[in-house]
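Structural overview
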Amino acid sequence: MKNILVIGANSAIARAVSRLYAEEHCRLFLLSRDAEQLALQKQDLQIRGATEVDCSVFDANNFSVHEAVIDQVLDRFGSIDLAFICHGSLSNQAQCEEHFDSALQEFHTNALSVISLLTCLARHMSIQRSGCIAVITSVAGDRGRQSNYVYGSAKAMVSTYLQGLRGRLFKSQVDVIDIRPGFVDTPMTHAIKKGGPLWSSPEKVAQCIVDGIRKRKHTIYAPGYWRLIMLVVCSIPEVLFKRLKL
Amino acid sequence: MQIHSWGRYPTTDATLHSPRSPSALRRLLLDTQPTDSGATTAFDGIARGLGRSYGDSALAGTIVQTRELDQLLAFDADTGLLTCAAGVSLDTILHCFTPRGWFLPVVPGTRFVSVGGAIASDVHGKNHHLDGTFGQHVHSLRLLQPDGEVLNCSSTENSALFHATCGGMGLTGIIVDATINLRRIPGSAIHQRTLRTPHLQEVMERFEASAASTYSVAWLDCLARGSALGRSLLFLGEHATDGQFKAPQRGGLGVPFNSPAFLLNRYSMSLFNTLYYNRPVNSQTEQRIEAGQYFFPLDSIAHWNRLYGRKGFLQYQFVVPDAAALAAISLVLQRSSAAGKGSFLSVLKKFGSGNDNLLSFPLQGYTLAMDFKFENNLLPLLDELDSIVLDHGGRLYLAKDARMSEATFKRSYPRWEELAQLRAASGADRMFNSLQSRRLGL
C-alpha cells in the first residue's frame, strides 16, 4: 500500500492515473480546485479499491498555502511515497503574445506554482529519504515552436528544474520523474480539432505513466513513441525550423 | 465537427459538449444559446454515450457526450447494487467487479457501451431468453428533465417515465446516473458447447431444445443457399463454477485505418463463411474460454468497423415472432443472398418474451442481425426486407437503424404514441431529438 498525493486531481490524466492506483489499493490524497469533482472522485476511487481517499480544495496559484497543504497531507499520511503533480493550463498563445499579463499568468500556473510545490516536497522527501516525485510537463517543452512557445517554455522551465532536482535528491534516494505527454484527448485540449494517430486517450497515457513510475524512469514520454517524434523535431536545423509553421 | 456512430453511416455536423459534472450538464440544458441573429434558443439535441449505436440514434446538431460523467457512486457488496454515472462503460464495471465475483446481468455484444446507452437502447444479451433486457435489471435511474429537474424513476416510482426511458433512445431526457443489479457468478470463465447445424430449421430446433442454457447465440452463414440455407454454429454457454474470476482482457489488435471496401465482396465473404462454418468443431465436449472471448469476440479487434471502408456499413437487425420466424428469416436470407449481399458475422438469437418498455426491441421470437457494407443499391434491398419483416409481425432494432421509414416504425412499434404523448407533456419533444427521432416522426 502506497501513499500517493495527486495535485491537480481533476485533470483528465490525473483522474485516470488515480484510478489505476486505486485498483492497487493505494491511499490517495487529492488536491483540486473543484469541490464537486473531489467528492465524486472520492466515492469513485473508494469503490474501485482505494484503501483511503482524502481530499482538499486547493488552488495551485495561491502559493502562500503550498507549505500548509503539504503539511496537511503529511499529518494525514505520515509519509508520501509518490507526489504526482499534474495541474496546468493550455495557454492561448495569441493572447499571450499580445499581453504580458496573460503570459505571466501561464507561467504562474504551469511553471512557478510547480516550482513552489517542488520546493516544499523536496524538503520533506529529502528528510524522508525515500519516495518519488513525478511531474507532468509536455513534449511542447522539448523545443520552442512558434504556435505554442509560451506553454512550451513554461514546461521547459519545469523540465530543466527537474533535471537539477533529480541530481540533488539522488543521494536521498528520492526519484524525480519528468512525464512528457503528447497529444491527449482531454477537456484541456477541447478547442483543438482531434483525430488521427497521434492522439491518445487519458487512460492510455495513464497506463504509460504508471508503468514508467514503476520502472523509475527519468523521463517518461507518454506514449513512448513521442520520444522518437521529439528526437526528429529537435534534430531539424534551426535555419530550417524557423521557417516551419509548427 | 463531423461525427458518426459505429456504422460510420450517416455522418453529420454537430456541436459536441462533454459536461464534467451533473451540475454542468444541467447548466447546459437550461442556459439558452445565443444565435447569429441575436435571439436565443433553448437546447435541442441528444445524449450520446460511447457512440456504439450503429445508425443515427445518437446523432443531432447538438450532442451531449456523457463520457466525462464516468464515476462509480455507490456499491453494496452484500446485494450487488451498483450506482454509477451514466457515462460509465460496461467495460469499467466488468473490470472492477468481475475479479470480486460479480457480473453484469445482461451484456450486449460489445462491452464498450455506456450504462446510459445500454438503458436507452434497452440492450439484450445472449441470455435474453431467461433474463430479459438490460432495462429489466435497472433498479432505478435519475433522469434530467426538460425543466432541469432530476427525477428518480423506477418500476414503482414515476413508472411511466421509467418505462419510456428504458429503450427510449434518449428521447425523454438525459440519464444522469442509474442503480443496477449486479449478479453473483460462480466463476468468470465460460464453458462453451458448439453445435454445427446444417440448416435454419435445425438451428431453431436446437435453440428450442437448449432453452435452459444460460447463454445461447448462433453465428449464421448468410450466403449459404438451397438446402444449406441458414446453416449455423450454435454456441451455448454456462459460467464456470471454479471460483476463478478474471475481468475481460483489454487490448488486442486494431484496425488502424479504413480498409478498401472492395476487399469485402460476395466472394471473400462467401469464402470466409464457408471456412468458418466448416472449422473443426466437437459438439460433444465443452470448451473453457474466457468471458471476453464468449461475450465480446469483436472487442479484441479495435475499430473493426473500419473494415467496411470509408462509406461505412449498416447493421440490419430484426425480430420476428416464433410462429413466423422460420418463414420470415428464410425469405430474408434468400432475398439478401440473391442480391449478393452478406456479411462476415450474421447473428441469430432466440428471444424470450418482451417487456413493458414502450420502445423496447425484443419480443418472443427470433432475431437476426446482419452487417451490410454501404452501397448505393443497398437501401432499396433493405426496404424490401422491411416489408418481409413487417408482414410477419416483426420489427427492427432502433439502436442499429439508420434508414427505416416513419411508416415502418409506427406500424411495428405500436406504443410509439404513448411515448410521443409523454414527450409532448414534459416538453422533451422540443429539447431531445436525434436525427433518428425526426426521421421516425417522434
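**Some details on the overall build of chain A**
Each helix and strand in chain A was counted, giving nine helices and nine strands. Relative to the globule expectation of 18 Å for 246 residues, the C-alpha radius of gyration of chain A, 18 Å, shows essentially globular dimensions. By principal-axis analysis of the C-alpha atoms, chain A measures approximately 55 × 35 × 35 Å. Pairs at least 24 residues apart make up 68% of the contacts formed inside chain A by residues separated by at least 6 positions.

**Focus on the overall build of chain B**
The secondary structure content of chain B amounts to 14 helices and 24 strands. Over its C-alpha trace chain B gives a radius of gyration of 21 Å, about what one expects of a compact globule, namely 22 Å for 442 residues. With respect to the three principal axes, the spread of C-alpha positions in chain B is 65 × 50 × 45 Å. Counting every position in chain B, which comprises 442 residues, the buried fraction comes to 49%.

**Considerations on the nonpolar core**
Counting 128 residues, the largest nonpolar core has Ile119(B), Ile175(B), Ala178(B), Ala218(B), Ile329(B) and Tyr366(B) as its most contacted members. Element by element, the count of residues in this core is highest for strand E21 (residues 313–321) of chain B, at six residues. When residues of this core are sorted by domain, at least three fall in each of domain 1 (72–185) and domain 2 (190–403) of chain B. Discounting chain neighbours no more than four positions away, the residues touching Ile329(B) are Leu200(B), Gly230(B), Val320(B), Tyr366(B) and Leu368(B). Within the second largest apolar cluster, 66 residues are counted, among which are Ile136(A), Leu165(A), Ile213(A) and Tyr221(A).

**Digging into the sheet that holds strand E2 (residues 27–32) of chain A**
Residues and elements named next belong to chain A. Spatial strand order, E3-E2-E1-E4-E5-E6-E9: seven strands in an open sheet with parallel pairing. The open sheet has two edge strands with one neighbour each: strand E3 (52–57) and strand E9 (219–222). Between one strand and the next, the sheet's axes are offset by a mean angle of 15 degrees, whatever the strand orientation. As defined by bridge partners, strand E6 (residues 175–181) adjoins E9 across four bridges and the pair is classed as parallel. Across the sheet, the residue bridging to Ile179 is Ile220, located in E9.

**Some details on unusual backbone geometry**
Here Ala222(A) and Pro223(A) are connected by a cis peptide whose omega angle stands at -10 degrees. Tracing the sequence through the fold places Pro223(A) in the loop between E9 and helix H8 (225–235). At the junction of Tyr9(B) and Pro10(B), the peptide bond is cis and its omega measures out at -5 degrees in the coordinates. Tracing the backbone through its elements, the reader meets Pro10(B) in the loop between strand E1 (2–4) and strand E2 (11–13).

**Digging into the environment of Gln249(B)**
Residues and elements named next belong to chain B. Topologically, Gln249 is positioned in the loop between strand E17 (232–239) and strand E18 (253–254). Between the alpha carbons of Gln249 and Ser159 there is a distance of 37 Å; along the sequence they are 90 residues apart. Once you skip the residues sitting within four places of it in the chain, Gln249 turns out to touch Glu290 and Gly292.

**Remarks on the sheet that holds strand E12 (residues 150–153) of chain B**
All names here are of chain B. Overall, antiparallel pairing links the five strands, which are arranged E8-E9-E13-E11-E12 in an open sheet. Of all the strands in the sheet, the pair left with one neighbour each is strand E8 (72–75) and E12. Mean inter-strand twist for the sheet, computed between neighbouring axes without regard to direction, equals 15 degrees. Across four bridges, strand E11 (residues 138–144) lies against E12 in antiparallel orientation.

**With respect to the interface of chain B and chain A**
If you look at the interface, chain B gives eleven residues, while chain A gives ten residues. The dominant element in the side of chain B that touches chain A, judged by the number of residues it contributes, is E8(B), at four residues. Of the residues that constitute the side of chain B that touches chain A, the class distribution is six nonpolar, four polar and one charged.

**Brief notes about helix H12 (residues 416–426) of chain B**
Residues and elements named next belong to chain B. Within H12, the full set of buried residues consists of Leu419, Leu422, Arg423 and Ser426. For H12, the angular spread of the buried residues around the axis is 100 degrees, confining them to a single face. Among the exposed residues of H12, those oriented more than 90 degrees off its buried face are Glu417, Gln421, Ala424 and Ala425. Against helix H5 (159–165) and helix H13 (428–431) lie the buried residues of H12. In the segment just after H12, Gly427 is the residue with positive phi, at about 85 degrees.

**Section: the confidence of the model for chain B**
Looking at chain B as a whole, its pLDDT mean stands at 93, while 98% of the residues score no less than 70. Both scores are given for the predicted complex: the pTM is 0.93, the ipTM 0.90.

**Brief notes about the domain arrangement of chain B**
Residue and element names in this part refer to chain B. Split into domains, chain B comes out as domain 1 (72–185) and domain 2 (190–403). Domain 1 and domain 2 are separated by 24 Å when their C-alpha centres are compared. Across the contact, 29 residues belong to domain 1 and 29 residues belong to domain 2. Going through the elements one at a time, helix H2 (90–97), helix H4 (128–131) and H5 are the ones with two or more residues in the side of domain 1 that touches domain 2. Among the elements that make up the side of domain 1 that touches domain 2, the one with the highest residue count is H4 (three residues). Split into classes, the residues belonging to the side of domain 1 that touches domain 2 amount to nine nonpolar, 17 polar and three charged.

**Some details on the packing of helix H3 (residues 66–77) of chain A against helix H5 (residues 100–128) of chain A**
Residues and elements named next belong to chain A. At their nearest, the axes of H3 and H5 sit 9 Å apart, and the two run at 40 degrees to each other. In terms of their interaxial angle, H3 and H5 are classed as oblique. Crossing angle aside, the handedness with which H3 passes H5 is right-handed. Residue-level contacts link His66, Glu67, Ile70 and Leu74 of H3 to Ser116, Leu117, Cys120, Leu121 and His124 of H5. Looking at the contact of H3 with H5 residue by residue, the classes come out as five nonpolar, three polar and one charged.

**With respect to the environment of Val135(A)**
Residue and element names in this part refer to chain A. Looking at the element boundaries, Val135 is found in strand E5 (residues 132–136). Take Val135: there are 26 C-beta atoms within 10 Å of it, and that puts it in the buried class. A sequence separation of ten residues divides Val135 from Arg145, and the C-alpha atoms of the two residues are 22 Å apart. Look past the residues within four positions of Val135 in its chain and what remains in contact with it is Ile85, Val114, Val158, Leu162, Asp178 and Ile179.

**Thoughts on the packing of helix H1 (residues 12–23) of chain A against helix H2 (residues 35–48) of chain A**
Describing two packed helices takes the angle between their axes plus the distance from one axis to the other. Residue and element names in this part refer to chain A. H2 packs onto H1 with a crossing angle of 35 degrees between their chain directions and a minimal axis gap of 8 Å. The handedness of the crossing between H1 and H2 comes out as right-handed. Judged by residue contacts, Arg15, Ser18, Arg19, Ala22 and Glu23 of H1 engage Gln41, Leu45 and Arg48 from H2.

**What to know about the pairing of strand E13 (residues 174–181) of chain B**
All names here are of chain B. In terms of burial, E13 is largely enclosed, as seven of its eight residues are buried. Pairing between E11 and E13: six bridges, direction antiparallel. Residue pairing across strands places Leu143 opposite Ile175, the latter belonging to E13.

**Description of the environment of Arg52(B)**
Residues and elements named next belong to chain B. Turning to its location among the elements, Arg52 is positioned in the loop between strand E6 (46–48) and strand E7 (62–65). Arg52 gets classed as buried once you count the C-beta atoms within 10 Å, which come to 25. With 261 residues separating them in the primary sequence, Arg52 and Phe313 have C-alpha atoms 13 Å apart. Sequence-distant contacts of Arg52, that is, excluding residues within four places in its chain, are made with Trp6, Thr110, Phe112, Val113 and Gly117.

Cut-offs used in this document
- Residues numbered from 1 in each chain as written.
- Chains lettered and ligands numbered in written order.
- Predicted model: local features only at pLDDT ≥ 70, side-chain atom pairs only at ≥ 80, totals over all residues.
- Helix = DSSP H or I, 4+ residues; strand = E, 2+ residues; numbered from the N terminus.
- Rg over C-alpha atoms; globule rule 2.2 N^0.38 Å.
- Contact = placed C-beta atoms within 7 Å.
- Buried ≥ 20, exposed ≤ 12 C-beta atoms within 10 Å, placed from the backbone.
- Core = buried A, V, L, I, M, F, W, Y, C linked by C-beta atoms within 7 Å.
- Domains from an automatic or database assignment.
- Pairing = 2+ DSSP bridges.
- Axes fitted to C-alpha atoms, helices over the stretch in contact; angles between N-to-C directions.
- Nonpolar A, V, L, I, M, F, W, Y, C, P; charged D, E, K, R; others polar.
- Arc of directions from axis to C-beta.
- pLDDT = per-residue confidence, 0-100.
- Parallel < 35°, antiparallel > 145°, perpendicular 65-115°, else oblique.
- Left-handed = near helix turned anticlockwise from the far one by under 90°.

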